[in-house]
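# Residue-level structure breakdown
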Amino acid sequence: MKFATVAIEERVLVGIVEKKGILSLNDVEEKRSGRRPYADDLVICLEQEDFLENVKGLIEWVENQNNKDNLFIPIEKAKFLAPIPRPRKNIFCVGKNYEEHAIEMGSKADIPEHVMIFTKAPTTVIGHMGDIMEHKQVTEQLDYEGELAIIIGKKGKGIEKEKALDYIFGYTILNDITARDLQKKHKQFFIGKSLDTTAPIGPWIVTKDKISNPNELNIITKVNGEIRQQSNTKHFIFPIEEIISVLSKGMTLEPGDIIATGTPAGVGKGFNPPRFLKARDSIEISVEGIGTLINQVVAEE
């Protein structure tokens, strides 16, 4: 299933995206039972007991309806917000998780021996087709990073690698937009990674049962139609199971936590000369089994 948070005119809802359109969980459940039990916040939904099983039952009911087409909202009427528009915590991000990216950002000496984690502020998040601000007043080196992202589905601490995938709800796409000059100036990642609109996420979350092996997915990033990044998550230095296990040692992971798994080689800074983003640039990130996240850089007025 593909879970999305969308705006329909002035209304925000959590729904399932299918070829025929979007099924609003509450609207469909109201037709079935007269109840509206779901929050318009996907994190709250994830915290509900048996949430996924209840939704599966709802989908089965839809499939058995003679006039089921009337239950779908046309996709063209929806504005896709980030699946989790305002995370409760900073986004966990894995740095230098592909050898070639570590090398393009420095040298072989920069290939990490241990999982490297930084974070992005919740205020960075925007959705599919949302505008990325150019931030010309604070940076001249805005860069893209296409990544697979994990959405945690249940609370856990001290998670063993062998059980790590059990704690995942699903997967989505994240563009870790970065101000490289701020990153260098402040000698750390947080400010350069946390400008407003620098975490496009979406368009939806694909539940983990639809992804047989998250450590073997093709990922492509295009800027203005030109392929800049092309790799596969099989090239992770640290696979997803290890990332979750390391993060959960002494730290509790909770439903709705977002983990960006790292970006492959081909970022703008890696070119000679560098190819940083500018106003009107369009970035498309595609991950196998999930879809394509599209955003454009815009100049502030």
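The chain appears in an unreviewed UniProt entry as Fumarylacetoacetase-like C-terminal domain-containing protein from Niallia circulans. Taken from UniProt, the Sequence similarities (unreviewed entry) comment for the chain reads in full: "Belongs to the FAH family."

### Focus on the sheet that holds strand β14 (residues 218-223)
Ordered in space as β8-β18-β17-β14-β15, the five strands form an open sheet in which the pairing is mixed. Edge strands, defined here as strands with exactly one partner in the open sheet, are β8 (131-133) and β15 (226-232). If you compare each strand with its neighbour and ignore which way they point, the axes differ by 20° on average. As paired elements, β14 and strand β17 (residues 282-287) share five bridges and run antiparallel to each other. Looking at β17, one finds that Lys222 is bridged to Glu284.

### Here's the deal with the environment of Phe190
Relative to the elements of secondary structure, Phe190 occurs in helix α6 (residues 190-193). Distance from Phe190 to Glu76, taken between C-alpha atoms, is 36 Å for residues 114 residues apart in sequence. Once you skip the residues sitting within four places of it in the chain, Phe190 turns out to touch Asn90, Thr119, Lys120 and Ala121.

### Brief notes about the packing of aromatic side chains
One pass over the structure, following the stated rule, counts six aromatic pairs. Note on Phe80 and Trp204: the rings are 5.8 Å apart at their centroids and 70° apart in plane angle, and the pair reads as edge-to-face. Separated by 124 residues along the polypeptide, Phe80 in strand β4 (residues 79-80) and Trp204 in strand β13 (residues 199-207) bring together distant segments of the chain. Pair check on accessibility: Phe80 and Trp204 agree, each one buried. Each member of the aromatic cluster is reached from another via a ring pair, and the members are Phe3, Tyr38, Phe51 and Phe169. The positively charged end of Arg275 is found above the aromatic ring belonging to Phe271, 5.0 Å away from the centroid.

Rules used in this analysis
Residues numbered from 1 in each chain as written. Predicted model: local features only at pLDDT ≥ 70, side-chain atom pairs only at ≥ 80, totals over all residues. Heavy atoms only, no water. UniProt positions renumbered as here; feature names shortened; annotations may be inferred. Pairing = 2+ DSSP bridges. Helix = DSSP H or I, 4+ residues; strand = E, 2+ residues; numbered from the N terminus. Axes fitted to C-alpha atoms, helices over the stretch in contact; angles between N-to-C directions. Contact = heavy atoms within 4.5 Å. Phe/Tyr/Trp six-rings, centres within 6.5 Å; stacked < 30°, edge-to-face > 60°. Buried < 20%, exposed > 50% of the residue type's maximum accessible area, 1.4 Å probe, protein only. Lys NZ or Arg CZ within 6 Å of the ring centre and 35° of its normal.

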